[in-house]
Structures are given as structure tokens and as C-alpha cells.
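Chain by chain, the residues:
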Amino acid sequence: MTAQCSGFDIRLLGNLRITYAGRELPLRSAQRRAVFSALALTPERGLSRDELITAVWGDRPPASATGNLYTYVSALRRMLEPDRDRWSSGRVLTSEGGSYRLHLDADAVDVHRFERLRDRSRAPRAAGDTAGELAALDAALAQWRGDEALVGVPGPRAAGHRIRLGELYLTTVERQAELMLGLGRGAEVVDRLLALAGRHRARESLYALAMRALAAQGRAAEALALYATLRDRLVEESGTEPAAAVRQIHDQLLGAAPAPVRSPVPHRHPGFRGRAAALDRLRTAVTGLAGGRGGSVWISGEAGIGKSALLAEGLSGAAPLGVQVGWAVGDELAYRMPLSIVLECLSLGNDADGLPASLQACTGGAPPTMTVIDTIQRFVVARCAERPLLLVLDDLQWADDMSLLVWHALHKLTTRLPLLLVSAARPVPAGYEVRLLRRVLPRDGTTLVELGPLDDETAAGLVRAWSRPPGPNPGATRSFVAAAAGNPYYLRHLVLADRDGRTADTPGPDLTDAVSRHLQPLADDTRQLLRAIAFLGDNYLVADLAAVTGRSAPELVPAVEEALAAGVLVEDGRRLRFRHPVVRRVLRGAIPTALRVLMHRQFAQRLAEAGADLGRVAGQLLAGPVPVDTWVQDWLTAHAAQLSVVAPAPAIAVLRHAVASPGLSAPSRELLTAHLARVLHRCGLPAGAEASWVSAHTADAATRAEMNRIADPGGPSPSVGPAVVGHR
């Protein structure tokens, strides 16, 4: 095994730059850059000739691609080892068995340093060590020069990594900014956040952080102007309002200036449909509250299922009945300080109205827990003595621990006061305290409402209501309904994507962002697992998943459990599938075509090497469709006969694809065409053209006689067995 070579420093996070022993090495050709960066991103293994060709030219390489690749590799070897004898194999860039590999330490490449340092921040974050986490994030971001990776490097592989690394960069910047804002260091991040928000106009989380940073510097007017820019763009492009987190920050900024008292109840969603039983529970609780009876309701459901819309609809009648209303929405970015969500909920119409200043300021250093709870309980008792009180916490999963303790304590008052507490939360993400609260409260009389998917009729009605006249045809409506699987958030974005001429398989930034928002709170390992499942499709086993990810089944368990708890995956017998097909289609469709083909090719080989079902290997070859390279040709040659028996339909498709490939060797073309003729004949399909071609080209007398019998239209009709029918 060739040893790893030291002394190199490879910079891909910005403009491509290679230095050796402090001296910069020249990389002139754009295609040469593409080859080198593809190899540098995978120093732990080699890339085959076909993988490198796909990395540079995609699925339509020029006829000269192979010769050009040899030229680029030779030039790279001369650059990396100028003193190497031209007849030696070299140490830095080697070739073996049709594959090429750079022998570099992973830490020689800034991409790998960035990802390692970013991963290092997880441990201090879990331990609550803000300084340690921030130090790791600072070190990770120090690897970047600019905010775009692989600048000027062509090819689909570079494009795919640019997207992946760009997303990692933005999430890292956001987390760093969030920590620095909490430490009062907003001035250090505000300029970067504003610049990024200007370049990533669909990323509302950047706007939220930039607004907070501006407000922390006393620049509230600029923060409000930034919100207005975002809102105008969203309304114009998609007819939607900014997300709740951004609206909350905007409302808080307005609260700093004189403003008319407004109802804290959000606007009802236009065209609200369904949820009759859940609506009845909420309205009954509000009516009981107006009559002096307290209570508690907990709404639970996956992201986007319509919890907020249900609350706005079901609680809209509270104020007209003379009920006081306090309402707050939790958010990962906006509510990091103790008690912030509870204090927002208790503001009761933009006015704390007597809530002690010590609690208003306790985010900087909270008084003892029991003092906080006693003070807030006394405040709530006093307000309930005036009029019945409704308190609502939406997105409770983001609440801080102190707020959860207060919320639990307030439930003890609902049995003797006209106090109604309504909570709404996702199952994931949720810390231990939220999960414990959800288990405990129903024992104390809380009504638990599990919000499931919309039925098809209600979902179809929403599609018609949201679509522009004349609206989609019945087939398109059914397609939207099936893809969203009862989730109105996804349904809405599918309708908006259709207006722009896009689908879930060719998603635009809005639909991609909609899916990303829901997956973002999940752990990195879980999101990576979901991408792998998206490429495998629904017909796979856990063993297949272990094969393509390189992780054992026990190692996959935590990620699978989180995805199941979040409602992203559901169990289907021995398999897992996406609850909402749109998520799978977006995860797959957001990857550039050439990179998708490459991934399906890699998955096919990994499944085959793990001994997976032949039909699933063929399914990966067809999903690309994957070009017929040496490995594909060899695998088909070895398994075509068995594949034709166990999975005739995939066999026919993959064999037709293979025999049409110009790169297939003559012996393989003859063999695979013969297998194609046989399986077509067994399935009762026309096979004359294939059989005649083999008969004209084979030198084997037995094969020629067999093909002549298949090609003879007067021959006996084939019988189709049950196994064949099952695969047709």
C-alpha cells in the first residue's frame, strides 16, 4: 500500500489552491481542476475512470473523454511530482485496476478539516459548553476563504459538492451567530449575516439572525426594513408570509415603539378545511373557559401538519367572548434565553401589565426557580380574577427548560381558575423535559389531540382553493395529494411549485427549502440516512441500507428511530418508507442529474458486493439510468440469467438499456442480447428482432438454433408462469 504523502495543503473552500512545502503549484486547465478536486474530495479511496469522466463531463461525455482524462492525469502527476521519472508509477497520484487515487492525509484537504472541526462542536453543545462549541465552530469557519466552495471548478461532481458544502457553511455560520448573539457579540457577526441574507434570499433563518443582530446594535429601523424586503419578495413570488420566527422578531421590534394594541391571535388561514373533531375540542374548551371553567389541551403532530392553523381557527372566538389571550411561538433561533417564550405569552396584548421587572430582565441572570414560579403564578391568579385567561404556546418543542417548568406549574391552577392552557408541539425535536411534560400532563387532566394527515377529499379541496383558475386537472390534483400524504404544508408548496412549472422531481428553491426546513432540526446522521433512503427507493431492507451507508444495522438504529419519531419515515412491514413521497422526490431531485447517476451507480455496486437481491441492484442501475461501464457489464454478464428468472421486468429493462450502449464489448453484447431474447420470449413479448440479431452474429450452433426457434413466428406460444406474472 502506498504511504500517505505529507507536505501538501489543498484548499477547496474558495478558489482551488494547491501548495507543497509552502510553494503554490499551478493548475491551469479547468477540466484538470475538476479531476484534481474530485480526487482530493475522496483521498480515502480511488475513483474509477468512468467516475472521473462523469465528474468532469456528466452523463454526456465527448468521444475524446477517455483520452483527455489520461492527458489530465499525466499533467497532474508532473505537477505534483516534478522530479518523478516518467516511467515510474509515482507516489502522490497512482493508478491501479482502472482507478486513480491521491495519497494524501485527510487533514491535508481543508474540506475534511472543516467537517472534522464542525463535528467536534457537537460534544460541547451536548454538554452545554458554549465557549467550547463556539471555539470549534470558529476553527471550522476559519477554513473558508469566502462563502462558496470549489469556485470556478466545472463539472457535475463539483456542483453537487458546492451545494452540500454551501449548506454546511450556512448552518455553521447561523449556529456561530446564534451563540455570539447570546454572548452580546452581535456587532461581530452583523455584516456577514447581512451579506449572506442578500445572496440567499430564500433563507429566512439568515434574515431572522440578521434582524436580531441589527436590533442588538440599536439599528431597529434597518431590521424592520430588512423584514419588509423579505416580506415583499415572499408575497410577490409565492403569496406566503415570512415564517413565524421572523414575524415574532418583527413584532418584538415594533413593540419597542408606540404601536396600537393588537390581538395576539394569529390570522386565520384562508380556506381552512377539515379537522372537525379537533376544532370541536378547542371551541368547547374556549366556551367552557368563558363560563369560568379552566382546562388544558396539548396538540401534537409532525411538522407542517397544520397545528398552527388549527390553533388560529379553533381559538379565534376567544376574544369576542371576553377572554384575555396570551400567545407565543417558540423558535430555535429566537428563544434561547430563559423564560423568553413564557414572558412573550404573558405580555397579554403588548403590555406586561404588572409582571415584575425582575422577571423581564431575568434572561441575563435568573432569580431562583421557585421565586420565578411563585411570582408568575401570583401574576396569573391576579389576571384570572379580572377575566378568564387563555395562554397558548405554539412550537413548544423549542421552549427553554425554565419556561417548561413554569408551564407545568401553571397547569396546577387550571382546576380552580378560569385558566385554559393550550400547547402545540412536534414529536421531534424534543428534549427530555418536553417528552416528560407530554407524558405527565395527560395524567393531570390535559386533553391530548394527535393531529394526523388530512383525508384525500379535504386535501383535494385545498389544492383547488390554492390553485389559480382554472386549477389543475383531476390527475394532477390526485398526484399532489398522494405526494403530500395529507400534510398541508407540503401540499401548499407543491401547488406553488406547479405554478412555476416545477415538480417534486425537479424542485425549485422554495420547495427544496420547504423540505429542508423540516429536516434541519434532525441530527446530521439522520439527514444523511434519509438521503440514502431517497436513492434506494421503497423496495429495500435494512441490510441494503447498511450496505450503501457503510454502517452496521445497530449503528443505524438511533437515526432510524429519530426519523420515525419525527414522522419522516414510517414502518411498512420489514421495510421503511417516507411518510410523504414528496420528501423522497425532493431529496433525490435536488441533486444534479450527473451526480444522481453516479450515486445510483455506487449504490448498485455496494448492494451487489453485500449480496443484495438482484432486482434491487438492477433497480439502482435503472434509476439513473446508469451508463454501462466495465463493472456494470461484468455484473450483468454474470447475473443476467438468474435476474431474468427472479425479476423478469427489471431484467428486460436493464438488458435493453445495456445492449443499446455503444461501449458494450462484442462478446457481452451477444450474450446479453441472447438473455434479453429469452426473457422476452418467456414473458410472451415480441423477441424476434433480438433473436434474429443473435442468430446472425453468434458462432455457437446451439445458440443459433435456440434463437431461430424464438424468432420463428410459427413456434409454440410460451407459457407465462406465476412468478413471471408477478413481476410484469
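Up top is the structure these notes are about.
Re the environment of Ala135
Structurally, Ala135 is set in helix H6 (residues 130-141). The sequence separation of Ala135 and Pro124 amounts to 11 residues, and the corresponding C-alpha distance is 9.8 Å.

Some words on the side chain of Gln620
Position of Gln620 relative to the elements: it lies in helix H28 (residues 614-623). Given a relative accessible area of 3%, Gln620 falls into the buried group. Among the polar contacts listed, one links the side chain of Gln620 to the side chain of His600, at a separation of 2.8 Å. Those residues in contact with Gln620, other than ones at most four positions away along the chain, are Phe535, Leu536, His600, Phe603, Ala604, Leu607 and Val626.

Description of unusual backbone geometry
We note that Leu150 has phi near 55°; this positive angle belongs to a residue other than glycine. Mapping Leu150 onto the fold places it in the loop between H6 and helix H7 (156-182).

Examining the sheet that holds strand S4 (residues 47-48)
One open sheet holds the 3 strands; their spatial order is S4-S6-S5, and the pairing between them is antiparallel. At either end of the open sheet lies a strand with only one pairing partner, and these are S4 and strand S5 (93-96). Across 4 bridges, the pairing between S5 and strand S6 (residues 99-102) is antiparallel. Within the sheet, the bridge partner assigned to Thr94 lies in S6 and is Arg101. Sheet strands touched by helix H1 (residues 30-40): S4, S5 and S6. Its angle to S6, the strand with the most contacts, is close to 75°.

A look at the pairing of strand S9 (residues 389-394)
Of all 6 residues in S9, 6 are buried; the element is thus mostly enclosed. Residues Leu389, Leu391 and Leu393 of S9 are buried on one face, and the alternating residues Leu390, Val392 and Asp394, pointing to the opposite face, are buried as well. Relative to S9, strand S8 (residues 324-329) runs parallel, the two sharing 6 bridges. Directly across from Ala328, in S9, lies its bridge partner Leu393. Examined bridge by bridge, S9 and strand S10 (residues 419-425) share 5 bridges and lie parallel to one another. When the sheet's bridge partners are listed, Val392 is paired in S10 with Val422. Chirality of the crossover, the property in question, places the unit of S9, helix H17 (residues 401-411) and S10 among those that are right-handed.

Details of the pattern of salt bridges
Considering all chains together, one arrives at 21 salt bridges under this definition. For Glu133, the salt bridge goes to Arg175, with nearest N and O atoms at 2.6 Å. Placement of Glu133 in helix H6 and of Arg175 in helix H7 is noted, with a sequence separation of 42 residues between them. Each of the two residues, Glu133 as well as Arg175, counts as buried. Each of Asp9, Arg11 and Arg113 takes part in one network of salt bridges that share partners.

What to know about the sheet that holds strand S7 (residues 295-300)
Within the open sheet, the 5 strands sit side by side as S8-S9-S10-S7-S11. Their pairing is parallel. The open sheet has two free edges, formed respectively by S8 and strand S11 (447-450), since each of these has just one partner strand. Pairwise comparison of adjacent strand axes, ignoring direction, gives a mean angle of 10° for this sheet. Bridge count between S7 and S10: 6 bridges; the pairing is parallel. Paired with Ser296 across the strands is Leu421, a residue of S10.

Concerning the packing of aromatic side chains
All chains considered together, the criterion is met by 7 aromatic pairs. An aromatic cluster is present here, built from Phe114, Trp144 and Tyr169 joined pairwise through their rings.

Examining the packing of helix H21 (residues 488-499) against helix H22 (residues 509-519)
H22 packs onto H21 with a crossing angle of 165° between their chain directions and a minimal axis gap of 9 Å. Judged by the angle between their axes, H21 and H22 are roughly antiparallel. H21 and H22 meet at a crossing whose hand is left-handed. Note on element contacts: H22 touches H21 through Asp510, Leu511, Ala514, Val515, Arg517 and His518, opposite Tyr489, Tyr490, His493, Leu494 and Ala497. Along the lines of polarity and charge, the residues of the contact of H21 with H22 split into 7 nonpolar, 2 polar and 2 charged.

Section: the nonpolar core
Counting 83 residues, the largest nonpolar core has Leu530, Phe578 and Val582 as its most contacted members. It is helix H23 (residues 524-536) that contributes the most residues to this core, 7 residues altogether. Judged by nonpolar contacts, the second largest core, of 77 residues, contains Leu80, Leu230, Leu234 and Val246.

Examining helix H30 (residues 648-659)
With 12 residues, H30 should cover 16 Å at 1.5 Å per step; its first-to-last C-alpha distance of 16 Å lies within 8% of that length. The complete set of buried residues in H30 reads Pro648, Ala651, Ile652, Val654, Leu655, Ala658 and Val659.

Overview of the side chain of Glu204
Relative to the assigned elements, Glu204 resides in helix H9 (residues 204-216). For Glu204, a relative accessible area of 7% corresponds to the buried category. Setting aside chain neighbours within four positions, we find Glu204 in contact with Leu230, Leu234, Pro242, Ala243, Val246 and Arg517.

What counts and what doesn't
- Residues numbered from 1 in each chain as written.
- Predicted model: local features only at pLDDT ≥ 70, side-chain atom pairs only at ≥ 80, totals over all residues.
- Heavy atoms only, no water.
- Helix = DSSP H or I, 4+ residues; strand = E, 2+ residues; numbered from the N terminus.
- Buried < 20%, exposed > 50% of the residue type's maximum accessible area, 1.4 Å probe, protein only.
- Polar contact = N/O pair within 3.5 Å; in protein donor to acceptor, adjacent residues only side chain to side chain.
- Contact = heavy atoms within 4.5 Å.
- Pairing = 2+ DSSP bridges.
- Axes fitted to C-alpha atoms, helices over the stretch in contact; angles between N-to-C directions.
- Right-handed = clockwise from strand over helix to strand, strands pointing away.
- Salt bridge = Lys/Arg side-chain N within 4 Å of Asp/Glu carboxyl O.
- Phe/Tyr/Trp six-rings, centres within 6.5 Å; stacked < 30°, edge-to-face > 60°.
- Parallel < 35°, antiparallel > 145°, perpendicular 65-115°, else oblique.
- Left-handed = near helix turned anticlockwise from the far one by under 90°.
- Nonpolar A, V, L, I, M, F, W, Y, C, P; charged D, E, K, R; others polar.
- Core = buried A, V, L, I, M, F, W, Y, C linked by side-chain atoms within 4.5 Å.
- Expected span 1.5 Å × (residues − 1).

Remember that the coordinates give geometry; whether it matters functionally is a separate question.
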